[in-house]
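# Architecture and fold: a report
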Amino acid sequence: MTTNIGYCGYSYHTQPFYSPYSNRLLAYLFRLQKEGFCEIVVKGRKLANGKGDLLLIKPGDHYEQLSK
């Protein structure tokens, strides 16, 4: 089995961040919240994501980030 990593990086926000794009993922998303807090919408459901939370989203799911 071959595994490819399409993108690996990080973001650090000092101001509130809102992503206006409706994203249907084409690959798996692994998102680790290292510090702070943000709100995320996955398949129309709003979730709170805090320090230490790991979010796993499968291809085809709708993903939107609403950070605070």
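Residues numbered from 1 in each chain as written. Predicted model: local features only at pLDDT ≥ 70, side-chain atom pairs only at ≥ 80, totals over all residues. Heavy atoms only, no water.

Where burial is concerned, the two faces of strand β5 (residues 54–57) differ: the one with L55 and I57 is buried and the one with L54 and L56 is not. Bridging between strand β2 (residues 29–32) and β5 involves four bridges; their strand directions are antiparallel. Looking at β5, one finds that L29 is bridged to I57. (Buried < 20%, exposed > 50% of the residue type's maximum accessible area, 1.4 Å probe, protein only. Helix = DSSP H or I, 4+ residues; strand = E, 2+ residues; numbered from the N terminus. Pairing = 2+ DSSP bridges.)

A separate point is the nonpolar core. Listed in full, the seven residues of the largest apolar core are L25, C38, I40, V42, L55, I57 and Y63. Sort the elements by how many residues they give to this core and strand β3 (residues 37–42) lands first, with three residues. Look past the residues within four positions of V42 in its chain and what remains in contact with it is L47, L55, I57, H62 and Y63. (Core = buried A, V, L, I, M, F, W, Y, C linked by side-chain atoms within 4.5 Å. Contact = heavy atoms within 4.5 Å.)

To continue, consider the environment of G44. Tracing the chain through its elements places G44 in the loop between β3 and β4 (45–50). Separated by 20 residues in the primary sequence, G44 and E64 have C-alpha atoms spaced 8.9 Å apart.

Our next topic: a nonpolar patch on the surface. Taken together, the side chains of Y28, F30, L32, L54 and L56 define a hydrophobic patch exposed on the protein surface, amounting to about 630 Å² of accessible area. Elements with a contribution of two residues or more to the nonpolar patch: β2 and β5. (Patch = residues over 30% accessible without salt bridge, like charges linked within 9 Å, V, L, I, M, F, W, Y side chains within 5 Å. Areas by Shrake-Rupley, 256 points an atom, 1.4 Å probe, with all protein chains shown as cover. Salt bridge = Lys/Arg side-chain N within 4 Å of Asp/Glu carboxyl O.)

For the protein chain, the average pLDDT comes to 82, and 85% of its residues sit at 70 or higher. Averaged pLDDT values over the elements of the protein chain bottom out at 72 in strand β1 (residues 23–24) and peak at 92 in β5. (pLDDT = per-residue confidence, 0-100.)

Glancing now at unusual backbone geometry. Its identity as a non-glycine residue notwithstanding, K43 has a phi of 50°, on the positive side. With respect to the helices and strands, the residue K43 is situated in the loop between β3 and β4.

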